[in-house]
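One letter stands for each residue in the lines below.
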Amino acid sequence: SLTYTIWDVDGFKRVNDRFGHEAGDRLLRGVAEILNRAKRETDFLARIGGEEFVLLLPMTPSDTALVVVEKLRKTIEGAAFTHKGQRELVTISCGLTEFRAGDTPAIAYERADRALYAAKEQGRNRCVAV
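All values reported here derive from a predicted model rather than from experimental measurement. (Residues numbered from 1 in each chain as written. Predicted model: local features only at pLDDT ≥ 70, side-chain atom pairs only at ≥ 80, totals over all residues. Heavy atoms only, no water.)

## Re the sheet that holds strand β6 (residues 92–98)
- Reading across the sheet, the five strands line up as β2-β3-β1-β6-β7 and stay open at both edges, with mixed pairing between neighbours. Edge positions in the open sheet fall to β2 (44–49) and β7 (127–129), since each of these has one partner strand only. Ignoring strand direction, the axes of neighbouring strands in this sheet form an average angle of 20°.
- With three bridges connecting them, β6 and β7 associate as parallel partners. What sits directly across from L96, in β7, is A129.
- Of the strands in this sheet, β1 (2–9), β3 (52–58), β6 and β7 touch helix α3 (residues 62–78), which is tilted by about 170° from β6. (Pairing = 2+ DSSP bridges. Helix = DSSP H or I, 4+ residues; strand = E, 2+ residues; numbered from the N terminus. Axes fitted to C-alpha atoms, helices over the stretch in contact; angles between N-to-C directions. Contact = heavy atoms within 4.5 Å.)

And the structure:
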């Protein structure tokens, strides 16, 4: 099993607009550090542009992956992100899908991206599996 997850920092544009691009860059590095520390050695993490990340979870079926990503989401929500001494609540949304027979990476990406879009539509700060 291989589960493909796509992550998007909720309200990232607002952070850039309120605090500037340097603060946005620090936030992205902080989120990446949390994801990187929490992932297993066999997992693969990459930033794929803007405020989006991909985390590949090998040997992990989607039901197990959903438990894993929910823990990561809650860790980020509870993290102490600060700007000029003031705590800022940061949340993240995730879409995930398990690779299926006949999938190409592009097909799995598209399905995970649709799941991410569904998470955003359902109110953000959640993980949706398809």
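After presenting the structure, the write-up continues.
## Quick notes on the packing of aromatic side chains
- Across all of its chains, the model carries two aromatic pairs by this definition.
- Judged by centre distance (6.1 Å) and plane angle (55°), the rings of Y4 and F99 are tilted. With Y4 in strand β1 and F99 in the loop between β6 and α4 (105–121), the pair connects residues that are 95 residues apart, well separated along the chain.
- Y4 gets classed as buried once you look at its relative accessible area, which sits at 11%.
- Three or more aromatic residues joined by ring pairs form one cluster here, namely Y4, F99 and Y109. (Phe/Tyr/Trp six-rings, centres within 6.5 Å; stacked < 30°, edge-to-face > 60°. Buried < 20%, exposed > 50% of the residue type's maximum accessible area, 1.4 Å probe, protein only.)

## Some points on the packing of helix α2 (residues 21–38) against α3
- One can describe the packing of α2 onto α3 by two numbers: an axis separation of 10 Å at closest approach and a directional angle of 140°. Taken as axis vectors, α2 and α3 run oblique relative to one another. Every pair of crossing elements has a handedness; the one defined by α2 and α3 is right-handed. Mapping the contact onto sequence places V31, I34, L35 and A38 in α2 and L72, T75 and I76 in α3.
- When the residues that make up the contact of α2 with α3 are grouped by side-chain class, the tally is six nonpolar, one polar and no charged. (Parallel < 35°, antiparallel > 145°, perpendicular 65-115°, else oblique. Left-handed = near helix turned anticlockwise from the far one by under 90°. Nonpolar A, V, L, I, M, F, W, Y, C, P; charged D, E, K, R; others polar.)

## So, the packing of helix α1 (residues 12–19) against α2
- At a minimum axis distance of 7 Å, the contact between α1 and α2 shows a crossing angle of 140°. When the axes of α1 and α2 are compared, the pair comes out oblique. Contact residues: F12, V15, N16 and F19 in α1; H21, A23, G24, L27 and L28 in α2.
- In terms of residue class, the contact of α1 with α2 is made up of six nonpolar, three polar and no charged.

## Observations regarding α1
- What α1 keeps buried is the set F12, V15 and N16. Buried positions in α1, seen along its axis, are confined to an arc of 95° and lie on one side of it. Residues of α1 that are exposed and point more than 90 degrees away from the buried face comprise K13, D17 and R18.
- Packing partners of the buried residues in α1 comprise β1 and α2. (Arc of directions from axis to C-beta.)

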